[in-house]
There are 4 protein chains.
Amino acid sequence: MIIAIKPGAPAAEVEAFSALLEKQGVRVNLSQGASQTVLGLVGDTSAIDAEALLAHHLVEKVIRVQEPYKRANRMFHPDDTWIDISGPDGAVRHLGGPYLGIMAGPCSVESRDQIVQVAQAVKKAGAGFLRGGAFKPRTSPYSFQGLGPAGLDLLLEAKKEAGIPVVTELMDIHHLELFGDVDIIQVGARNMQNFTLLKELGRSAKPILLKRGYACTITELLMAAEYILAGGNSRVILCERGIRSFDPYTRNILDLSAVPALKRQSHLPVIVDPSHATGLAWMVPAMAKAAVAAGADGLIIEVHNNPEAALCDGEQSITPGAFAALMGALRRLADIEGKTI
Amino acid sequence: MIIAIKPGAPAAEVEAFSALLEKQGVRVNLSQGASQTVLGLVGDTSAIDAEALLAHHLVEKVIRVQEPYKRANRMFHPDDTWIDISGPDGAVRHLGGPYLGIMAGPCSVESRDQIVQVAQAVKKAGAGFLRGGAFKPRTSPYSFQGLGPAGLDLLLEAKKEAGIPVVTELMDIHHLELFGDVDIIQVGARNMQNFTLLKELGRSAKPILLKRGYACTITELLMAAEYILAGGNSRVILCERGIRSFDPYTRNILDLSAVPALKRQSHLPVIVDPSHATGLAWMVPAMAKAAVAAGADGLIIEVHNNPEAALCDGEQSITPGAFAALMGALRRLADIEGKTI
Amino acid sequence: MIIAIKPGAPAAEVEAFSALLEKQGVRVNLSQGASQTVLGLVGDTSAIDAEALLAHHLVEKVIRVQEPYKRANRMFHPDDTWIDISGPDGAVRHLGGPYLGIMAGPCSVESRDQIVQVAQAVKKAGAGFLRGGAFKPRTSPYSFQGLGPAGLDLLLEAKKEAGIPVVTELMDIHHLELFGDVDIIQVGARNMQNFTLLKELGRSAKPILLKRGYACTITELLMAAEYILAGGNSRVILCERGIRSFDPYTRNILDLSAVPALKRQSHLPVIVDPSHATGLAWMVPAMAKAAVAAGADGLIIEVHNNPEAALCDGEQSITPGAFAALMGALRRLADIEGKTI
Amino acid sequence: MIIAIKPGAPAAEVEAFSALLEKQGVRVNLSQGASQTVLGLVGDTSAIDAEALLAHHLVEKVIRVQEPYKRANRMFHPDDTWIDISGPDGAVRHLGGPYLGIMAGPCSVESRDQIVQVAQAVKKAGAGFLRGGAFKPRTSPYSFQGLGPAGLDLLLEAKKEAGIPVVTELMDIHHLELFGDVDIIQVGARNMQNFTLLKELGRSAKPILLKRGYACTITELLMAAEYILAGGNSRVILCERGIRSFDPYTRNILDLSAVPALKRQSHLPVIVDPSHATGLAWMVPAMAKAAVAAGADGLIIEVHNNPEAALCDGEQSITPGAFAALMGALRRLADIEGKTI
């Protein structure tokens, strides 16, 4: 961290300020130029609040040279992290590194038939994981909120029936005990900075799929991951799912530059959700392919056997047939990227 | 709600679709023009998901004529709602209607001396409420997270000592029992769409200060309020605290047009937080005054007796002296707006 | 400007790099800490491209300590600039400093009767300047594009008839000769970074009203002003008129924090356009008042004698009656701010 | 266009309003439901200003069913438009349809050696077009503004020397006569809504590369294209080059969903500029590949033989070697997309 001191600051005050900073566990290099005094902070600056320093009357500007995240930081873990998940069919699926992991399924679990059929269809098409929501974060209290515990039971039946691991969203930490057979716990975009939830999941042994908040920066996503990692849970999967913009054409703007950015900054697997990002079923194949070409480690795609009758987000769900066709193109792209589905 | 049907849709299919819609509890007026068929939905459309309708192959466009919120909607409650809060000093403070309510205090409770001194100073200057955080939502797990339950105790001591009601943030619903003597519970911007928390607070009897998420729309804020109102808690205070933008000059962009917008759409009190919005202490007075001139029902302002040594957000805190000076200008503005501090 | 050098950079390379920088007319202070080398650039760094420096393999981060604008910078011109404009009625109007300048009139000049009537009405209510567009920048080539030169003639007739100076937009530098009797030339938001136009207007003797582009930063607005100032025209008025956001409630978000920001960074007058910012006539009074309370030096407000029949932007125009009522409130606010209308 | 009338509007007023609308050249279907009156406008509504209608006291909401652009609209031109450009080497290059067109070269023309070397290198690697700026739109008046006419001469020398068509930006319509031998004229992002320039280029016979403004919507880009098309120039190439967001990680956010969106809405070729969008050379290959996988018809990439010494935008330029390597990957992706480079 580098602190530019205001011109004309008395030397004694600068020294006192340096001493104060050193009490926070860093070493301070003072360099007094003819017209500019600069303090360089050396050591672990992750606990130092760059914004708070700006309150000090001596401080002109602050730049953070080192990123504020440590466990998520590729600098300290140069090799890719990948996550192995044993399925109910005895096979092991992978997320990260040389693997391209595909998660597919409906927005919401609606019925036994629906979820089992979709599970079998997406597994057959080559998906490694079944997604399906039992607890749904909905903007309106009057919208369908998911089937709740009953939905979770149906999802777990589909897991057994089709022999495929499952990923589903946890909204309330009280429900954690119901998630014993869930393979990957999803933290939704609206909860990305629910620090209470993140801290609890840091104590869990389950892999966590952490979705980027729709107005959160790359750094904030990595700091949210850091909450989980700092708690002792090292199995975090990052997910880009679109950010807010001024253009109403798509529901959000899918920020694919987040993929190379996150891969450069972090060793964690990075997947992409083209369905929630765009909100438009017809756009999902193009953006799914683009995500793989950008270097994503996986995709999470909404697939519904009857999108018109879906209880939520039907407009962004593709059919099992369209999904199977897309998988063909994804295999060719994975090959170019040196990845295995 | 108005649904534009795609050109060339077979009449029988449109009728079947209308019948399906009527099963959701609305009446459908079909108007078949020469080149455009339009369905008008009459009745309570708040449970109908406009986005989901777009998945249907007959649907071209959907417009919502009626807002999706009911209890928060001024259409159904034309008169201003205001909230009365009895202070520990026997006096009653008001938020909403003809009152201008001023909340002031430090970002975080740091020590008994600090919080009691600030409490006395802001009360003396005319603030109606003391703010102070015990549980702090911080981007980094390595930053100061607040004093926790001990901080809450100190805040409640300051409440008694200075004779002023208090407002403080709740992050974890498990802490609710600790909040028995808190006068107003704050839901932070990052938790505005933590629907689990909102539902629980709907069952509470405490007034809730609901801060707008930094990338949430006016409608989404009102839908978040609707979660609390629908649970039976009618005492919700809305708070504009800045939204994300592309310009790094201020931490967020204070959206003061939200004030007249929220006042028009809803009967609930609307206050403004110029401190978090701008992140710049020197800008707080100008924006506080502008908020009152825009019609706000109150302000929440960070005041610290020693901003340079604040454990968080010192750069946006003003001193008790600056706060007292600001109160003078606010009184003149309140007078123009026909409000009483 | 401060340049943080990458760890482990060879000393000889850093020296060569410093020498290269010194050739660009600045002095370089090299400070070699134990783990961090920092270069401090002293002198006029406005011609040095901070982004370009990042291409260099030695450079880790760059911070600009000094702003890249000079003539617009309050640091070099501590006193407020204000602009005097002699009206056709012999009276002098002022923009900036202790004055609150009010510009009002229709979006477009539509007819002689319309513009003369509005001119007389706004002058009577206390406006100092008549606004009215003859050349209109419209998103669609099929929308009304303004009356062109004939519209300008009508505007100038209204100027004479009502005895009030006029402000109108120039879109094409070829039209400059037609603007001889125009008192203030407006550069619209979409042309804020039309550098060709800015350079030409730098050679003009007319005051320039420069509107902020709807996705331009505070710094970019000041750099656009710098283009005009650098050409020798020192009479620039800055105008905040709303920026793009994700919320469709208002057409743009009126960024009132731009007012104290621009006033702090620059000595130039700063006015606000609440009409284009919000696009909603009923919101104009609240935001006009807020702008004055935030410290604005003036307002530009759309007033139309028959908003329902306006050829453009009727939805954001207020009537002469509403404008006169607003002026009453503005006078009281100006008084609080120590300004004279 | 569908207009929802406010509840309780008198029938006579609605009829008068309908008559007024019919005078604007459309037919009005009035459908009076029990509680909602809706007007359906039939015919060419492109000249009707939906926003202006909102000023009318009877109007509740307006939805545009038909897009406001006609010549750019795929609905009226279902087949892809592609553009053929004869090079100085006798070969014809294509943009659009089954072709993937690659433009490459430096941000600015700096010297004869530089531009000729880069031209030869990118042509050898397979680029179809040389890009290079002579007139540069720079945020600061103190930054390098390009070599101007001399730069254009050097670019045209490189065209001849290397035998490759060229694309370069026009900022000032007065320079048009200098552009006689330029193959494609670029309109920069900052000029996308410089309607004066667009109208003039509508009268030109040159292909126009129209870059999306960094805060312009898909619809606004197509309306800007419509200005050129309406003037009689049908050879417009659309270019996505990043939009503004809250995250400073990349200079802009590359909105790749714009590619399928523009391809669906319009028949015009759509290319992508990953260099300006990200501002980061190391990210260019990933985003270039993603653009092709998303369905882009081409790319425009900054290539510089010595990025560290580039006079502008070096941080986003890749070397000729990196470009040649990228071309290999792009050929495999083009193959998957059924396109020919």
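Predicted model, so just to flag it, every value in this text is computed and none were measured.

Draft legend 1. Representation of the relation of the copies chain A and chain C in the model. Mapping chain A onto chain C leaves a residual RMSD of 0.0 Å; the transformation is a rotation of 180° accompanied by 0.0 Å of translation along its axis. Given the turn and translation reported, the copies of this chain are related as if by a two-fold rotation axis. Ranked by how close their C-alpha atoms come to the rotation axis, the residues of chain A are headed by A:Phe246, at 2.2 Å. Counting the interface residues of chain A, we find that 100% of their copies in chain C are interface residues as well, pointing to one common contact surface.

Draft legend 2. Looking closely at the interface of chain A and chain C. If you look at the interface, chain A gives 19 residues, while chain C gives 19 residues. Of the roughly 1,600 Å² buried between chain A and chain C on both sides combined, carbon and sulfur atoms contribute 68%. For chain A, the biggest contributors to the area lost against chain C are A:Lys61, A:Ile63 and A:Val65; these three give 28% of the whole. Our count for the contact surface shared by chain A and chain C stands at zero salt bridges.

Draft legend 3. Structural view of helix H6 (residues 218–230) of chain A. Residue and element names in this part refer to chain A. Over its 13 residues, H6 runs 18 Å from end to end, which matches the ideal 18 Å to within 8%, given 1.5 Å per residue. Where burial is concerned, most of H6 is hidden: 11 out of the 13 residues are buried. Listed as buried for H6 are Ile218, Glu220, Leu221, Leu222, Met223, Ala224, Ala225, Glu226, Tyr227, Ile228 and Leu229. Buried residues along H6 sit against helix H5 (195–202), strand E11 (208–211), strand E12 (236–240) and helix H7 (258–265). Phi for Gly232, located one or two positions after H6, is positive at around 115°.

Draft legend 4. Focus on the interface of chain B and chain A. Listed as interface residues are 45 residues of chain B and, on the opposing side, 45 residues of chain A. Around 4,100 Å² of area is buried between chain B and chain A when both sides are counted, 49% of it from carbon and sulfur atoms. Put simply, chain B and chain A have six salt bridges between them. Between chain B and chain A we count 31 residue pairs in polar contact (both at pLDDT 80 or more) in total. Listing elements by their share of the side of chain B that touches chain A, those giving two or more residues are helix H2 (50–53), helix H5 (195–202) and helix H6 (218–230) of chain B. A total of five residues in the side of chain B that touches chain A trace back to one element, the largest contributor, which is H6(B). Its residues assigned to classes, the side of chain B that touches chain A shows 18 nonpolar, 13 polar and 14 charged.

Draft legend 5. Local environment of the side chain of B:Thr217. For B:Thr217, the position within the fold is in the loop between strand E11 (208–211) and H6. Taking relative accessible area as the criterion, B:Thr217 reaches 11% and is therefore assigned buried. Among all residues touching B:Thr217, those that are not within four sequence positions of it are A:Arg244, B:Arg212, C:Phe246, C:Asp247 and C:Pro248.

Draft legend 6. Focus on the packing of aromatic side chains. Within the structure shown, the criterion is met by 12 aromatic pairs over all chains. For the ring pair D:Phe135 and D:Phe179, a centre distance of 6.1 Å and an interplane angle of 25° mean the geometry is stacked. Taken together, the residues span a long stretch of sequence, with D:Phe135 in the loop between strand E8 (129–131) and helix H4 (149–162) and D:Phe179 in the loop between strand E9 (166–169) and strand E10 (184–187) at a distance of 44 residues. For D:Phe179, a relative accessible area of 1% translates into the label buried. In this structure, C:Lys70 is placed above the aromatic ring of D:Tyr142, and the distance from its NZ or CZ to the ring centre is 4.4 Å.

Draft legend 7. Structural view of the sheet that holds strand E7 (residues 101–105) of chain A. All names here are of chain A. The eight strands lie next to each other as E7-E8-E9-E10-E11-E12-E13-E14, forming a closed barrel whose pairing is parallel. Looking at each pair of strands side by side, their axes are set apart by 25° on average, direction ignored. Pairing analysis gives two bridges linking strand E13 (residues 270–272) to strand E14 (residues 298–302), with the strands arranged parallel. Its bridge partner being in E14, Val272 is matched across the sheet by Leu299.

Draft legend 8. Summary view of the relation of the copies chain B and chain A. Aligned on chain A, chain B shows an RMSD of 0.0 Å; the corresponding rotation is 180° and the shift along the axis is 0.0 Å. Comparing contact sets, 100% of the residues at the interface of chain B also lie at the interface in chain A, consistent with an isologous, same-surface contact.

Draft legend 9. Inspection of the environment of C:Pro207 at higher detail. Residue and element names in this part refer to chain C. Examined against the element boundaries, Pro207 turns out to sit in the loop between helix H5 (195–202) and strand E11 (208–211). Put simply, Pro207 and Ala230 are 23 residues apart on the chain and 14 Å apart in space, counted from C-alpha to C-alpha. The residues touching Pro207, leaving out its near neighbours within four places in the chain, are Ile83, Ile85, Asp183, Ile184, Ile185, Arg235 and Ile237.

Draft legend 10. Region of the structure containing helix H3 (residues 112–125) of chain C. All names here are of chain C. For H3, which comprises 14 residues, the first-to-last C-alpha distance of 20 Å matches the rise-based estimate of 20 Å (1.5 Å per residue) to within 8%. Among the residues of H3, those classed as buried are Gln114, Ile115, Val116, Val118, Ala119, Val122 and Ala125. Residues of H3 that are buried in the fold lie against strand E7 (101–105), strand E8 (129–131), helix H4 (149–162) and helix H10 (320–336). Looking at the residues trailing H3, positive phi occurs at Gly126, about 115°.

Draft legend 11. Representation of the pairing of strand E12 (residues 236–240) of chain C in the model. All names here are of chain C. Burial runs high along E12: five of the five residues are buried. Covered by surrounding structure in E12 are Val236, Leu238 and Glu240 together with Ile237 and Cys239, the residues of both alternating faces. Taken together, the four bridges between E11 and E12 define a ladder with parallel strand orientation. The residue of E12 that forms the bridge with Lys211 is Cys239. One crossover worth recording links E11 to the parallel E12 by way of helix H6 (residues 218–230), and it is right-handed. For E12 and strand E13 (residues 270–272), the ladder comprises three bridges, and the chain directions are parallel. Bridge pairing in E13 places Leu238 opposite Val270.

Draft legend 12. Focus on the sheet that holds E8(D). All names here are of chain D. If you trace the eight strands once around the closed barrel, you get E7-E8-E9-E10-E11-E12-E13-E14, paired in parallel fashion. Direction aside, neighbouring strands of the sheet carry axes that sit 25° apart on average. Across the face of the sheet, helix H3 (residues 112–125) comes into contact with strand E7 (101–105) and E8 while running at roughly 145° to E8. Taken strand by strand, helix H5 (residues 195–202) contacts E10 and strand E11 (208–211), and its axis lies near 165° from that of E10.

Draft legend 13. Examining the packing of H3(D) against H4(D) more closely. Residues and elements named next belong to chain D. Between H3 and H4, whose axes approach to 9 Å, the crossing angle comes to 40°. What the angle tells us is that H3 and H4 run oblique. Our pair here, H3 against H4, has a crossing hand that is right-handed. Counting all contacts with H3, which are made through Arg112, Ile115, Val116, Ala119, Gln120 and Lys123, the residues of H4 involved are Leu154, Leu155, Glu157, Ala158, Glu161 and Ala162.

Draft legend 14. A look at the pairing of strand E6 (residues 92–95) of chain B. Residues and elements named next belong to chain B. Of the two faces of E6, the one lined by Arg93 and Leu95 is fully buried and the one lined by Val92 and His94 carries no buried residue. The pairing of strand E5 (residues 83–86) with E6 spans four bridges and is classified as antiparallel. Following the sheet pairing, Ile83 is matched in E6 by Leu95. Counting the residues that bridge the hairpin from E5 to E6 gives five residues, and of these Gly90 lies at a positive phi of roughly 90°.

Draft legend 15. Broad picture of the state of the cysteines. This model, assessed by the stated rule, comprises zero disulfides over all chains. C:Cys216 carries a free sulfur, and the closest cysteine sulfur to it, the one in D:Cys216, is 10 Å from it. Residue class for C:Cys216 comes out buried when judged on its relative accessible area of 6%.

Draft legend 16. The arrangement of the side chain of A:His56 in detail. Summarising the element assignment, A:His56 is placed in the loop between helix H2 (50–53) and strand E4 (59–63). Other than its neighbours up to four places away in sequence, A:His56 contacts A:Phe17 and B:Glu308.

Draft legend 17. Inspection of the environment of D:Phe246 at higher detail. Tracing the backbone shows D:Phe246 in the loop between strand E12 (236–240) and helix H7 (258–265). Spatially, the C-alpha atoms of D:Phe246 and D:Pro165 are 37 Å apart, while their sequence positions differ by 81 residues.

Draft legend 18. Representation of the pattern of salt bridges. For the structure on display, the rule yields 87 salt bridges over all chains. Between A:Arg244 and B:Glu220 there is a salt bridge, with its nearest N and O atoms 2.6 Å apart. In this pair, A:Arg244 sits in the loop between E12 and H7 while B:Glu220 sits in helix H6, so the two residues belong to two different chains. Each of the two residues, A:Arg244 as well as B:Glu220, counts as buried. Taken together, the shared-partner salt bridges in this structure form one network comprising A:Arg212, A:Glu240, A:Asp255 and D:Asp247.

Draft legend 19. Main features of the packing of H6(B) against helix H7 (residues 258–265) of chain B. All names here are of chain B. Contact geometry for H6 and H7: axes closest at 11 Å, N-to-C directions at 50°. Classified by the angle between their axes, H6 and H7 sit oblique to one another. At the point where H6 passes H7, the crossing takes the right-handed sense. Facing Ile218, Leu221 and Leu222 of H6, the residues of H7 in contact are Ala258, Ala261, Leu262 and Gln265.

The rules we used
Residues numbered from 1 in each chain as written. Chains lettered and ligands numbered in written order. Predicted model: local features only at pLDDT ≥ 70, side-chain atom pairs only at ≥ 80, totals over all residues. Heavy atoms only, no water. Least-squares fit on C-alpha atoms with pLDDT ≥ 70 in both. Contact = heavy atoms within 4.5 Å. Buried area = accessible area lost by both parts, 1.4 Å probe. Salt bridge = Lys/Arg side-chain N within 4 Å of Asp/Glu carboxyl O. Helix = DSSP H or I, 4+ residues; strand = E, 2+ residues; numbered from the N terminus. Expected span 1.5 Å × (residues − 1). Buried < 20%, exposed > 50% of the residue type's maximum accessible area, 1.4 Å probe, protein only. Polar contact = N/O pair within 3.5 Å; in protein donor to acceptor, adjacent residues only side chain to side chain. Nonpolar A, V, L, I, M, F, W, Y, C, P; charged D, E, K, R; others polar. Phe/Tyr/Trp six-rings, centres within 6.5 Å; stacked < 30°, edge-to-face > 60°. Lys NZ or Arg CZ within 6 Å of the ring centre and 35° of its normal. Pairing = 2+ DSSP bridges. Axes fitted to C-alpha atoms, helices over the stretch in contact; angles between N-to-C directions. Right-handed = clockwise from strand over helix to strand, strands pointing away. Parallel < 35°, antiparallel > 145°, perpendicular 65-115°, else oblique. Left-handed = near helix turned anticlockwise from the far one by under 90°. Disulfide = S-S within 2.5 Å.

That's the geometry; what it means functionally is another story.
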